[in-house]
Amino acid sequence: MDFKDFYAKNDDDGRRLDRILKVLMPHSNLSEIYKAIRKGLIKINDKKCKSDSRVSLNDKISIAEFLLQSGKNTQDKSIIIENKLPPLPPVVFENENILILNKPYDMTVHGQNDSLDKIVLNYYEKNHKNDSLAFKPGPVHRIDKKTSGLVVFSMSLEGAQWFSENIRIHSIKKNYFALLQGKLSGDCTFEDYITNLEEEKNGFYKVESGNHIINKDSKAAVSHVKVLAHGKFKNQDVTFVKINIETGRKHQIRSQTAFHHHPLLGDTAYGGKRIENFKQDFFLQAAELIIPENPLGLPPKIQIDLSDNFKEILTYCSIKN
C-alpha cells in the first residue's frame, strides 16, 4: 500500500493528530478519519497511533494515498473559488505571526465565498503554507462589513494565541474615527449595556444599548469619545470624533452613539438620517491600534490615514482633516 508523508512544522508541534488530519483530509468526516487511524491507514513515524495522539515537531505523518484521492473534486472546487476572489486589501503590517490589512468599506470579513478570510487563506497558502500542516489564518477580532480600516489576521499559532488573549484582556487599544449626527458638545464616555436583538430582514442582526441589564446576554460596553471638529451636512450639525473602545461588543459604536442621541450620520439601522450621493452609507473607520510590548515583533502603534471616501465627506461638511 502506498502512503503519502507529511512532516510536522513549528505550528503543528503539540497539536492533536485528528485536528491536523481534518485539514489534510477536508473531504473526510471525523468518523472516517478515526476509522482510518484504527485500521493503521494513518501512522505517526511509521507506527500505529490514536486519534488524540499529540504530534511533535518533525514527526512524519503517513496517510494511505487512496484516502487522499477522493479529495480531488474538493480541491478542484477550491481552485474555481480562488479564481473568483477579490485581491488582497492593502497590507499595513506583516511578519511571520501577524498580517494587518486596511479593509475597504463593504467587504465582509468572514462567512461568504468571497469574504476576507477566504482571500487571506488563499494568500497564506501561496506564501506561508510551508510553516504548518494544519494551521489556518483567521481574524483575531471583529470588524463589521461597513466599517473600514484595520483588521488583524493571525499567520501563526503563536500570533493567534497572543493577539486573541490581549484583545480579550483589553491590553490592545483600538481607536476609530466616526462622523456623528448632531453637535456633540464635548468629550465624554459612554458606559452602557449591549443586548442582542432578534434577527431582522436579510439575516441582519441588530443590538440594543441601554443603561440597564435586559437579560443574561446583556454585556457591559465602554467607549471614550473625543470631539475633533464640528461641521454641517446639508444644514445639519455633524461631529467628527475619535472613539477608543475598552470593550469589543458587536455594533458597539453604532448602538452606543445612537442610544446617546448621536448616531452615525447615515446609519439608518440605528436611527441615523440617510445620506445620498456618497460612496458609503455611513463613516466609521478603525484607524489605530496601540499594542503593548510583545513577543511577535509588533510595533507599539499601527495607524492608517483616513480613507479617501472619509476625507471627501469631511470636506463636504467643511471639516479640515
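Residues numbered from 1 in each chain as written. Predicted model: local features only at pLDDT ≥ 70, side-chain atom pairs only at ≥ 80, totals over all residues. Heavy atoms only, no water.

## Notes on the pattern of salt bridges
Side-chain pairs of opposite charge can arise whenever the charged atoms involved come near each other. Convention followed: Salt-bridge detection follows one rule: a side-chain nitrogen of Lys or Arg within 4 Å of a carboxyl oxygen of Asp or Glu. A run of H or I in DSSP becomes a helix once it reaches four residues, and a run of E becomes a strand once it reaches two; helices and strands are each numbered from the N terminus. Throughout this description, buried means an accessible area under 20% of the type-specific maximum (1.4 Å probe, protein chains only), exposed means over 50%, and partly exposed covers the range between.
In the structure shown here, the tally under the stated rule is 12 salt bridges. Asp281 serves as the salt-bridge partner of Lys146, at 2.4 Å between the closest nitrogen and oxygen. With Lys146 in the loop between β6 (138–139) and β7 (148–154) and Asp281 in the loop between α7 (252–259) and β13 (284–290), this pair connects stretches of sequence that are 135 residues apart. Owing to a relative accessible area of 33%, Asp281 belongs among the partly exposed residues under this scheme. Between Lys216 and Asp217 there is a salt bridge whose closest N-O contact spans 3.6 Å.

## Quick word on the sheet that holds strand β3 (residues 60–64)
The pairing of strands in a sheet happens through backbone hydrogen bonds and is either parallel or antiparallel. This is how the line gets drawn: Paired strands, in this sense, are two strands between which DSSP finds at least two bridges. Axes here mean lines fitted to C-alpha atoms, for a helix over just the part in contact, with angles spanning 0 to 180 degrees between N-to-C directions. What makes two residues a contact is simply this: any of their non-hydrogen atoms within 4.5 Å.
If you trace the three strands from one edge of the open sheet to the other, you get β1-β3-β2, paired in antiparallel fashion. Because the sheet does not close on itself, it has two edges, and the strands there are β1 (3–7) and β2 (42–44). Each adjacent strand pair in this sheet contributes to an overall mean axis angle of 20°, direction not counted. Of the strands in this sheet, β1, β2 and β3 touch helix α1 (residues 17–24), which is tilted by about 55° from β3.

## A closer look at the environment of Asp11
Here is the rule we go by: Throughout this description, a polar contact denotes any pair of N or O atoms lying within 3.5 Å of each other; where both atoms belong to protein, one of them has to be capable of donating a hydrogen while the other can accept it, and for residues adjacent in sequence the pair is counted only when both atoms sit in side chains.
Relative to the assigned elements, Asp11 resides in the loop between β1 and α1. Between the alpha carbons of Asp11 and Ser156 there is a distance of 6.5 Å; along the sequence they are 145 residues apart. At 3.3 Å, the side chain of Asp11 and the backbone nitrogen of Leu157 are in polar contact.

## Focus on the environment of Glu96
With respect to the element layout, Glu96 can be found in the loop between β4 (91–94) and β5 (98–103). Along the chain, Glu96 and His128 lie 32 residues apart, while their C-alpha atoms are 8.0 Å from each other.

## Examining empty space enclosed by the protein
It is the rolling of a water-molecule-sized probe over the atoms that shows where space remains empty. The test is simple: The definitions used throughout rest on a 1 Å grid laid over the protein atoms alone, on which a cavity is an enclosed set of points accommodating a 1.4 Å probe that cannot get out and a pocket is an open set flanked by protein within 12 Å on both sides along at least five of seven lines; lining residues are those having an atom within 4 Å of a point. Grid points are joined across faces, edges and corners, and a volume is the space filled by probe spheres set on the points. When residue character is reported, Ala, Val, Leu, Ile, Met, Phe, Trp, Tyr, Cys and Pro are called nonpolar, Asp, Glu, Lys and Arg charged, and the others, Gly included, polar.
One pass over the structure, following the stated rule, counts one cavity of 30 Å³ or more. Forming the walls of the largest cavity are His141, Leu150, Lys174, Asn175, Tyr176, Ala286, Ala287, Glu288 and Leu289. Counting only elements with at least two residues in the lining of the largest cavity, the list comes to β8 (173–181) and β13. Looking at the lining of the largest cavity residue by residue, the class counts come to five nonpolar, two polar and two charged.

## With respect to the nonpolar core
Threshold: Think of a nonpolar core as a cluster: buried Ala, Val, Leu, Ile, Met, Phe, Trp, Tyr and Cys residues, connected wherever their side-chain atoms sit within 4.5 Å.
With 47 residues, the main nonpolar core has Ile100, Leu116, Phe153, Phe163, Val241, Leu289 and Leu298 as its most contacted residues. Going through the elements one at a time, β5, α5 (116–127), β7, α6 (157–168), β8, β11 (219–233), β12 (236–245) and β13 are the ones with two or more residues in this core. Looking at which element gives the most residues to this core, the answer is α5, with five residues. Among all residues touching Ile100, those that are not within four sequence positions of it are Pro90, Val91, Val92, Phe93, Leu150, Val151, Val152, Leu289 and Ile302.

## With respect to the confidence of the model for the chain
Where we set the bar: Every residue is assigned a pLDDT by the predictor, reflecting its confidence on a scale from 0 to 100.
Overall, the predicted model of the chain reaches an average pLDDT of 91, with 93% of residues at or above 70. The model gives residues 73–80 a pLDDT under 50, and that stretch makes one contact with residues more than four places away or in other chains.

## Concerning unusual backbone geometry
At Asp46, a position not held by glycine, the phi torsion is positive, near 70°. Within the secondary structure, Asp46 is located in the loop between β2 and β3. Using a relative accessible area of 51% as the deciding quantity, one classes Asp46 as exposed. Of note, Lys234 is a non-glycine position whose phi angle comes to about 50°, a positive value.

## Focus on the pairing of β5
Burial analysis of β5 places five of its six residues in the buried class, which makes it a mostly covered element. Pairing between β4 and β5: three bridges, direction antiparallel. Counted as the bridge partner of Glu94 is Leu99 from β5. Between β4 and β5, which pair antiparallel in sequence order, lie three residues.

## So, the packing of α1 against helix α2 (residues 30–38)
As a reminder, the rule being used: Left-handed is the label given to a crossing in which the near helix is rotated counterclockwise from the far helix by less than a right angle, and right-handed is the label when the rotation is clockwise.
Close contact between α1 and α2 brings their axes to 10 Å; oriented N to C, the two are set at 115°. Crossing of α1 over α2 shows right-handed handedness. Where α1 approaches α2, its residues Leu17, Asp18, Leu21 and Lys22 are matched on the opposing element by Leu30, Ile33, Tyr34 and Ile37.

## Describing the environment of Thr239
Checked against the element boundaries, Thr239 lands in strand β12. Overall, the relative accessible area of 0% leaves Thr239 in the buried class. When the C-alpha atoms of Thr239 and Arg54 are compared, they prove to be 55 Å apart, with 185 residues separating the residues in sequence. Dropping the residues within four chain positions of it, Thr239 is found in contact with Ala178, Leu179, Leu180, Gly182, Lys183, Leu184, Val227, Ala229 and His230. In terms of polar contacts, Thr239 uses its side chain to reach the backbone amide nitrogen of Leu184, at 2.9 Å.

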